[in-house]
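A look at the structure
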Amino acid sequence: MRPGDIWDTRGLRLRRVRDRLHEARLDALLVSHLPSIRWLTGFTGSSAFLLVEPGSATLITDFRYRTQASEEVGDGVSISITDSDLFSGLARRLEDSAGGPRVGFEDHSLTVRDRRALGESCDAVMWEASGPMVDELRSTKDPGEIESISSAVEVAESVLADFLGAVCEGVSERDLAADLVHRLRLAGSESIPFDPIVASGPRSALPHARPGERKLAEGDLLLIDFGARVAGYCSDMTRVFVLGAPAPWQVEIHEVVASALHSAVAATEAGVPARDVDRAARDVIVGAGFGDRFGHGTGHGVGLEVHERPSVNARSRDTLKAGNVVTIEPAVYLPGRGGVRLEEMVVAREGGPEVLTRFPLVLREL
Ligand code: ZN
Ligand code: ZN
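Residues numbered from 1 in each chain as written. Chains lettered and ligands numbered in written order. Predicted model: local features only at pLDDT ≥ 70, side-chain atom pairs only at ≥ 80, totals over all residues. Heavy atoms only, no water.

**Here we look at the sheet that holds strand β11 (residues 237-242)**
Sheet strands line up and pair through hydrogen bonds in the backbone, either parallel or antiparallel. Selection rule: The rule for pairing is simple: two strands pair if DSSP sees at least two bridges between them. Counting from the N terminus, the helices are the DSSP runs of H or I reaching at least four residues and the strands are the DSSP runs of E reaching at least two. Contact between two residues is taken to exist if any of their heavy atoms lie within 4.5 Å; hydrogens are not considered. Helix axes are fitted only over the stretch in contact, all axes being lines through C-alpha atoms; the angle between N-to-C directions runs from 0 to 180 degrees.
Spatially, β7-β8-β11-β19 is the arrangement adopted by the 4 strands of the open sheet, whose pairing is mixed. Strands with a single pairing partner mark the edges of an open sheet, and in this sheet they are β7 (197-200) and β19 (364-365). Helix-sheet contacts for helix α8 (residues 173-186) involve β7 and β8 (221-226), and the interaxial angle to β7 is about 150°.

Written out as structure tokens, the structure reads:
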């Protein structure tokens, strides 16, 4: 993609935010959630506000990012450098603003203290919680974004294939996790989207296990949940392996989870309520008698953040849209014995799913 195309894309995104502002009868929107600022402007620094008004967009950042902002931010967004904190910079910008007094703010990304600072620094403004307006727009990915996510999936999968060669009895979860991160970085992952989960034996039954000192032993299940990041976009996948020959209970829960996964992936389609996708997975697990062993939602959106909209769980009010990229990750956890979670990344399309992950789902013996 040429730089001009990227700026066209960002211009289009800003136009869509302005349409939302108009619908919500707001005069401006203060974007404070950094992934959303990146999505709208290209700015990747760690300190910024973006003020979107009907006729302008202003990135407010501090002096540390003067050069970076001018390199990353294209036409259509002006840059305002503050010598003090972001709130003072924002106050000055709002004093100059020709717009009206009703300004939306992202209530999900500001702390209570930030909210107070907004009120104190800009008292002429009527602040209104806008909800996750930009996050909602970000949940529908364009072809360029899906390409970046696919590249992140490819990096992760190529690493996993080699990494399995390093897995053997006696090595600790912590060492394996460190090795995995190292390989991901060497293979082109810009950073890691989250610390990998490498959980062995009974610890595979802990949904968010931190890699620990436990050493792998014959007969263990080994659960690996990890991802890569390319052009800012994340991947997130889980596979489970077994050291040596699997026991019948390990084969059974792996088959149940694989079947729940297939059922939910098949249901992932534009126009379908996300909770129906969750139900497709859950029905299989409940039907197999493991309903009380799957305590979390079936999946989540992935993009510039590893957890974003839409939510795929029983309480979700989201309806899948074409271009949503979600994980499907059903599981069965047997406390004290072990667990299986399998996680795929899927694009919701009109008429059916497009699965981005390709790594085999079989319970492979290591
Ligand atoms: Zn995961
Ligand atoms: Zn996930």
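**A word on the domain arrangement of the protein chain**
Filter applied, for reference: Annotation comment: domain bounds sourced from an automatic or database domain assignment. In short, buried area is how much 1.4 Å probe accessible area vanishes from two parts on joining, totalled over both. The rule for a salt bridge is simple: a side-chain nitrogen of Lys or Arg has to be within 4 Å of a carboxyl oxygen of Asp or Glu. For the purposes of these results, a polar contact is taken to be a pair of N or O atoms within 3.5 Å, where, inside protein, one atom must be able to donate a hydrogen and its partner to accept one; residues adjacent in sequence count only when each atom of the pair is a side-chain atom. Put simply, Ala, Val, Leu, Ile, Met, Phe, Trp, Tyr, Cys and Pro go in the nonpolar bin, Asp, Glu, Lys and Arg in the charged bin, and everything else, Gly too, in the polar bin.
What the domain assignment lists for the protein chain is domain 1 (3-138) and domain 2 (143-365). The C-alpha-based centres of domain 1 and domain 2 are spaced at 34 Å. Of the residues lining the interface, 9 residues belong to domain 1; the matching set on domain 2 comes to 8 residues. Between domain 1 and domain 2, roughly 730 Å² of surface is buried when both sides are summed, and carbon and sulfur atoms account for 46% of that area. Contact with domain 2 buries surface across domain 1, with Arg38, Glu136 and Arg138 losing the most and accounting together for 53% of the total. On the surface where domain 1 and domain 2 come into contact, there are 4 salt bridges. Here Arg13 and Glu145 are joined by a salt bridge, their closest N and O atoms 3.8 Å apart. Between domain 1 and domain 2 we count 4 residue pairs in polar contact (both at pLDDT 80 or more) in total. Broken down by secondary-structure element, the contributors of at least two residues to the side of domain 1 that touches domain 2 are α2 (34-41) and α6 (133-138). Along the lines of polarity and charge, the residues of the side of domain 1 that touches domain 2 split into 3 nonpolar, 1 polar and 5 charged.

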